Amino acid sequence: MQAIAINRVVHRLRETSWLGLLKCAYLIFLGSFLVGLAVPAEMRSAFVKPVTLVLVMMLFIAKDFAHAPEAFARFRSARAARQAPHQVLATLLPPGVAGWFRLEREMWRGWWAWMCRRPNPARRPEGVALHYLEHGSYGTAAAIVLVAIFGELPVSHLIASLMVADPALELKVHLLLAIGSVYSLVWVAGDRWHVSSGYHVLGEDELDLKVGARAAARIPLDQIAGASRVTESRAEWCRRNGSDLRDSAVISPIDKPNVVLALVPGAQIPLSLFGVERNAPQYIFLYLDRPELLLARLAPMR
């Protein structure tokens, strides 16, 4: 019975995404903050804060151990392939963490190219261009975020100056606000540089999907079982069709998907999503300015 209970916990940890784990950590910190308001300051410093840190650390350590078999398998494969030492060591990291570092590097590279006004040299294969920026809201959303960053920064600094009495603490708050604004600017500008000249390509025998540095996949057309328009959210569509939400992915700059692709069951299609390399799920949701260009070539979904 104890072994069954442990297996259930391990399975639950493996099924929980790293984003879901971050949400759990946030709830732990929030609960700790609320408890700290109700207890004396001495107990808060001596008990509540250390216990909170231990709980969060145990949560992430348990998640890491639950994925240890896959990590060791990646490690052995990397060593057998004689990869560079840093690449071999990176296989021991959770895929989401390693993917985040890869995506982070690309965003800084895109930001620097945006600052230098360099054009995006990415070349796309020949075929029918399936655009997603001409009628989408990505450009508007990026502009709004940029304006919000520069407009919110002086307001935040003014509020911090009025609410923080300690000069040393005020300096730290101003520094953190400035770092957060610069970091947000790097991501918005870097992502815009990567995405700005991109589009999907429908070729003679494959569909080449690419959204900047965030997503990329090349799907042979004979591995697509069908496609159809979507007017509801991904969660609603999966619920209506009896599909697991985890067996789907969204490839879109920001707009709500209007097309869903169903891959052949068991298809082995490499998919790069937010820096993480994985097999593509059975259902892929896309946003296209003109979905009819793709649907005319693919069989309707049953």
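Above this text is the structure in question.
Since we're looking at a predicted model, the values are computed, not measured. (Residues numbered from 1 in each chain as written. Predicted model: local features only at pLDDT ≥ 70, side-chain atom pairs only at ≥ 80, totals over all residues. Heavy atoms only, no water.)

A. The nonpolar core, seen in detail. Ranked by size, the top nonpolar core spans 30 residues in total, and within it Leu207, Ile219, Ile251, Leu261, Leu263, Ile284 and Leu294 carry the most contacts. Of all the elements in the fold, those that place two or more residues in this core are strand E3 (206-211), strand E4 (215-220), strand E5 (224-229), strand E6 (248-251), strand E7 (259-263), strand E8 (270-273) and strand E10 (283-286). Apart from the residues within four sequence positions on either side, isoleucine 251 is in contact with His200, Leu209, Val211, Ala215, Leu271, Ile284, Phe285, Leu286 and Tyr287. Cys238, Ala262, Tyr283 and Phe285 belong to the second largest nonpolar core, which has 7 residues in total. (Core = buried A, V, L, I, M, F, W, Y, C linked by side-chain atoms within 4.5 Å. Buried < 20%, exposed > 50% of the residue type's maximum accessible area, 1.4 Å probe, protein only. Helix = DSSP H or I, 4+ residues; strand = E, 2+ residues; numbered from the N terminus. Contact = heavy atoms within 4.5 Å.)

B. Fine view of the sheet that holds E8. As summarised here, the arrangement of the 6 strands in space is E1-E2-E3-E4-E8-E9, forming an open sheet in which the pairing is antiparallel. In this open sheet, the two edge strands, each paired with only one partner strand, are strand E1 (128-130) and strand E9 (276-279). Taken over all neighbouring pairs, the strand axes of this sheet differ in orientation by 20 degrees on average, direction set aside. In terms of strand pairing, E8 meets E9 through 4 bridges, oriented antiparallel. (Pairing = 2+ DSSP bridges. Axes fitted to C-alpha atoms, helices over the stretch in contact; angles between N-to-C directions.)

C. How the structure looks around the pairing of E3. Most of E3 is tucked away, with 5 of its 6 residues classed as buried. Bridge analysis of strand E2 (residues 200-202) against E3 gives 2 bridges, and the strand direction is antiparallel. For valine 201, the partnering residue across the bridge sits in E3 and is aspartate 208. With antiparallel pairing between neighbouring strands as the criterion, E2 and E3 make up a hairpin whose turn holds 3 residues. Across 6 bridges, E3 lies against E4 in antiparallel orientation. What sits directly across from valine 211, in E4, is alanine 215. Two successive antiparallel strands, E3 and E4, enclose a turn made up of 3 residues, where glycine 212 displays a positive phi of approximately 55 degrees.

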